[in-house]
Amino acid sequence: MNKIAPHPAATTVEPFVGRGVSRPNARRLVEGRGTYVDDVELPRMVHVAYLRSPHAHARILRIDAAAALDLPGVVAVVDGRQLAETCAPFVGTLSHLAGMRSPPQHAMAVDRACWQGEAVVAVVAQTRAEAEDALQAIQVEWEVLPAVTRMDSALEPGTPVIHPDLGSNLCFHREIDSGGVDAVFAAADVVVEETYEFGRHTGVTLEPRSVLADFNPAERRLTVHHSHQAPHMMGDLYARLMGIPEADVRVLCKDVGGSFGLKVHAYADDFATVALSVLLGRPVKFVADRLESFVTDIHAREHRVKARLALTRDGRFLGFDIADLTGVGPYSMYPRTSAVEGNQVINLCGGPYDHPHYRATLDVVFQNKVQTSQYRGVGHPVACAVTEGIVDLAAATLGIDPLELRRRNLMADDSFPRKGASGILLESLSHQRCLARLEEMVDFAALRRDQAERRARGIHRGIGIAVLIELTNPGAAFYGTGGARIASQDGATVRLDPTGIVHCASGVGEQGQGTETIFAQIVADEVGVPMDRVRVLTGDTAATPYGGGTWASRGAGIGGEAVLQASRQLRANLLEFAAVHLELPVERLRIAGGAVIDTAEGVPLMDVAELGRLAHFRPDLLPAGFQPELVVTRHYAQRDYPFIFTNGIQVSHVEVDVETGVVTLLKHWVVEDCGRVINPLLVDEQIRGAVVQGLGGVLFEECLYDENGLLRNGSMADYLVPMAGEMPDIEVAHVETPTRSSELGAKGAGEAGTAGAPAAVMNAINDALRPFAVRLTSQPITPEKILRALHPHLAD
Amino acid sequence: MKAPPFAYRRVASVAAASALLREHGDGARLIAGGQTLLATLGMRLSEPSLLIDIRGIAEMQGIAVTGGHLRIGALARHVDVERSALVAQHLPLLSLAAPHVAHAAIRNRGTFGGSIAFADPAAEWPACAVAADAALVLSDGTTSRTVEAADFFLGLYQTDLRPDELITAVRFPLPGRHRRFAFTELARRHGDYATVGLALAGDWVEGRLHDPRIVYFGVGGTPVRAVAAEAALAGGRAEPETLERAVAELGGELSPSGDLYTSAATKLHLAGVLLRRGIQSLIPGEGQT
């Protein structure tokens, strides 16, 4: 047998998993060669623009579109009633959220619009500009109806009921009660109580929501190019609502320019655009512009939470008592509902701490505003701010250092697996190790000295701590058990091609977070090839295994495990193949660096490309009856727990200008345990990006509505996304507690930053303002709110 | 957010631009950097039938010192002002203000004259022009006239500009050797339009402040010169009591409206904070003259 020249890295190959390799797809995107939906041009394609309700609540008396039909380029003008003949209505409830109600929603308003921004008339034209020209020629006669805008009065008797059939504006109510809470609070040494408010905000993606629907009437097949996180879910929904077999629906999500949960939902606009393509038998493109994004993209976080915490005099937590009220718009969002955020708030409050008693109530109410639903963090930023806010209040009340009070009450690292007081199951958390790591990073004593020195000079700096837990890697408990056809499993197919390249197709897609990169790292290690010999394909329901896609921080943990299992089996198949071909015992062989290696002599025997060549072109050289299998598909569902929880700690250091109310973010520290870190570079940037979105929520972002339910700041000039100039340095460290529910050991990492940042900053601001005996508990914490607290005459 | 249809013409002279303005009246808009206009077109807040592109007009370009003035051509971009050594040398107020004008990408396109002609009440350049006693050169291509910046801004987005006139240049008198400037601004995020901003000028002679200019923006329909506060400080040493008297005068001089994020009362409060801080940075520290 000829021995080939040693492969340079054949014998000692450093694993790719664990290394901060950069994204192979970054160059393409930076060079402007991405393929976003708006880049896709199809023959006979037309564009749709939607006339949207200018009122929060109004009856549609008459639509006069005659003038619009005569304008240049106009192909069709369609209203909600016409479209309802093509697209069935849909209801955003889940059966495991017991008692949840929401009325049927149509792709476009029928007879009545229930929020400012709801689509009422579709104009299809040769160009988007022509469609917008025609919108201006359409007259709609409205009967304006009273709008329900405030969530605190939504359930009061005098408030109009948005959907009379439901009898009230209540969407969902839930209670958790561990029992004995009243007695514990009555007997406690100390009870602290505070109310926290969270302003509505939204995720602002660089690429807006976009959909290009292409229905081919000749074969009754539908192809949809979509900027989305869950292509298989959308394929199922299009099939069912349009009456097309799911097998004849293909959804493509090539490049997606940011998603943040905003693109995991099925929007009425999506169904309307697809229905128009079915109706017209030609491709129809819809790309939301910035103005309509603000009044149609989901909002999130409109919550008011009353919290009480009972403690012993020495600072031991006895119980939490929580009441969350949240307003979600006129319809629960389809199909994941608008109740999940509130549901997670009451599941998660008090979550990091060891306390025996817990009670929580949740009221989810309808309003005439944009629908709310899952946006990065989903309930965690609220639960974390409530929990950590009241823990800080307790620390101040008892005169105990906030870090010390947390140390006394955090669940011990050796107490897992266990249940939390709200009933959540926790596999394995590392609060104590994270706290220890944090104290290595942050010199708290020095910060406190600096604080005291500056305070004497009228400079007010504060330090805020936030401990968090985060649910990731969900099982079927999230949606599947509630009846939604949203896959909790995900799949991966890996195959060796004739040139020795390993192709990986995954049901989890790429929205900028680096999914394709970490999958390539896993494939490279598990098959035994260099990363540049791996190609990853995502975002095509016709070419990837069925899977749930990207949400609930599941991409790495669920999708990555499927990639790992498929890759391991491919490696086993290749070794078996090589053993047969080389006539050596398979135990003597391994694959590394793209070569089959003789472990006995430590030398490469053949490149895996040679295996590819033999299998594809020279099967005649193989023994009779032997068939190499170079394609492997594996699926993985996390079935050990409802969720795999992660944990972490964040610290914010701020300076508050007490004359101007301006908060300067000086520094932010993060210790995060997301289990096995596949790519530290990407994980750190995920955390930083998520922290920035949390900082936006706590300081800047709010969808401001007037009393008529009209959005007052729906543009990029007026809605304040966080900008680089205001962001602090964000230092990130890791503690790794791999989950035992998978071989890969990875937990989710994409949302924890958003979960903890608002609490840390809120606590830092209140720490800075302690000499003034004021507390800011309404987010976003704006300069105006700070000044009103500090200078009561400004609040008059 | 697609602009409605419009015609587009490039012109090479003020006279040609002015002639088109006369011909098309309200239907025509000038476009230079387009940083405000293009957004309003996209949002269909404005539907002109004709855009007149004036970027090629030679006489409106450039930054130069001539005849005792610093002349900034109306077509000079914000970034040109920001990076100009002449501006830094002769009129540091503008150099201080420039980084606050929106973001780098906007400063690379937006023009100095365009900002003044648009007269956004929360913009930096109109206030700086008033504080530095600038004169605006207005022309229709045949007749040219000069208007003091202080007289130019008439009301919210209203100026003394006639329908067929262009601002061709802004002329700043070269300050005397005792003239000092300060600039301070509060915005929710760096580069946003000001919540409240302040442009300050004054002669500091032998420990006393003379001939001060206190010009606010973001607190009214136009840049607002706080004359009573100026009088309270004029001739004095800007000691704390004097400064508080000046701050107290602001209540009678400024009548800000609240905006999305800041109430009127808070704006007035912030105007006082900025005056205290602005005067501190205007006058030299201990040991300086």
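J.: Explain the overall build of chain B here, please?
T.: For chain B, the helix and strand inventory stands at 12 helices and 14 strands. Relative to the 2.2 N^0.38 estimate, which gives 19 Å for 289 residues, the radius of gyration of chain B is 19 Å and therefore close to what a compact globule would have. Restricting to contacts in chain B with at least 6 residues of sequence separation, those with at least 24 account for 61%. Total accessible area computed for chain B in this model is approximately 12,100 Å², and 51% of it derives from carbon and sulfur atoms. Each charge class in chain B can be summarised by its mean position, and for the 28 positive and 29 negative side chains these summaries are 6 Å apart.

J.: I tried to follow the domain arrangement of chain B on my own but got confused; where do I start?
T.: Note: interface size is frequently given as the accessible area lost on complex formation between the parts. On domain assignment, one finds that chain B holds domain 1 (7-53), domain 2 (58-173) and domain 3 (179-282). For domain 1 of chain B and domain 3 of chain B, the distance between their C-alpha centres works out to 35 Å.

J.: I keep staring at helix 10 (residues 380-398) of chain A and nothing clicks. Help me out?
T.: Since the α-helix turns once every 3.6 residues, residues separated by three or four places project in the same direction. Residues and elements named next belong to chain A. An ideal rise of 1.5 Å per residue puts 27 Å on 19 residues; helix 10 measures up with 26 Å between its terminal C-alpha atoms. Counting buried residues in helix 10 gives 16 out of 19 residues, a clear majority hidden from the surface. Where helix 10 terminates, the next one or two residues include Gly399, which has phi positive at roughly 70°.

J.: Teacher, can you tell me more about the interface of chain A and chain B here?
T.: With 33 residues of chain A in contact, the opposing surface of chain B contributes 23 residues. Summing the contributions of chain A and of chain B, the shared interface buries around 2,500 Å²; its carbon and sulfur component is 56%. Area buried by chain A at its contact with chain B is led by Glu659, Leu720 and Glu784 of chain A, which between them contribute 20% of it. Joining chain A to chain B, the criterion identifies four salt bridges. In this structure, the salt-bridge partner of Arg44 of chain B is Glu132 of chain A, at a minimum N-O distance of 3.5 Å.

J.: How do you make sense of the packing of aromatic side chains when you look at a structure like this?
T.: Each aromatic ring pair is specified by the distance between its two centres and by the angle formed by the two planes. Under the definition given, this model contains 19 aromatic pairs over all chains. Ring centres of Phe317 of chain A and Tyr353 of chain A lie 5.0 Å apart, and the angle between their planes is 70°; this geometry places the pair in the edge-to-face category. Of the two residues, Phe317 of chain A is situated in strand 16 (residues 317-327) and Tyr353 of chain A in the loop between helix 9 (340-348) and strand 17 (357-365); the sequence distance between them amounts to 36 residues. We classify Phe317 of chain A as buried; its relative accessible area is 1%. For Tyr353 of chain A, a relative accessible area of 1% translates into the label buried. Aromatic pair Phe118 of chain B and Tyr157 of chain B: ring centres 5.1 Å apart, planes at 50°, arrangement tilted. Residue Phe118 of chain B is found in helix 7 (residues 112-118), and its partner Tyr157 of chain B is found in the loop between strand 8 (153-155) and strand 9 (158-159); the two are separated by 39 residues along the sequence. The class of Phe118 of chain B is partly exposed, set by a relative accessible area of 35%.

J.: Is there a simple way to think about unusual backbone geometry in this case?
T.: Both trends apply: most residues other than glycine have a negative phi, and most peptide bonds are in trans. Residues and elements named next belong to chain A. Cis geometry is adopted by the peptide bond preceding Pro335, which originates at Tyr334 and carries an omega value of -10°. Mapping Pro335 onto the fold places it in the loop between strand 16 and helix 9. Following Gln779, the chain continues into Pro780 via a peptide bond in cis, with omega recorded as 0°. Residue placement: Pro780 occurs in the loop between strand 31 (778-779) and helix 19 (783-790). Positive phi is not limited to glycine here, since Ala552 has a value of about 50°. With respect to the helices, strands and loops of the structure, Ala552 is situated in the loop between strand 23 (534-538) and helix 15 (555-582). For Ala552, a relative accessible area of 13% puts it in the buried group.

Cut-offs used in this document
- Residues numbered from 1 in each chain as written.
- Chains lettered and ligands numbered in written order.
- Predicted model: local features only at pLDDT ≥ 70, side-chain atom pairs only at ≥ 80, totals over all residues.
- Heavy atoms only, no water.
- Helix = DSSP H or I, 4+ residues; strand = E, 2+ residues; numbered from the N terminus.
- Rg over C-alpha atoms; globule rule 2.2 N^0.38 Å.
- Contact = heavy atoms within 4.5 Å.
- Areas by Shrake-Rupley, 256 points an atom, 1.4 Å probe, with all protein chains shown as cover.
- Lys, Arg positive; Asp, Glu negative; His and termini not counted.
- Charge placed at Lys NZ, Arg CZ, Asp CG, Glu CD.
- Domains from an automatic or database assignment.
- Expected span 1.5 Å × (residues − 1).
- Buried < 20%, exposed > 50% of the residue type's maximum accessible area, 1.4 Å probe, protein only.
- Buried area = accessible area lost by both parts, 1.4 Å probe.
- Salt bridge = Lys/Arg side-chain N within 4 Å of Asp/Glu carboxyl O.
- Phe/Tyr/Trp six-rings, centres within 6.5 Å; stacked < 30°, edge-to-face > 60°.

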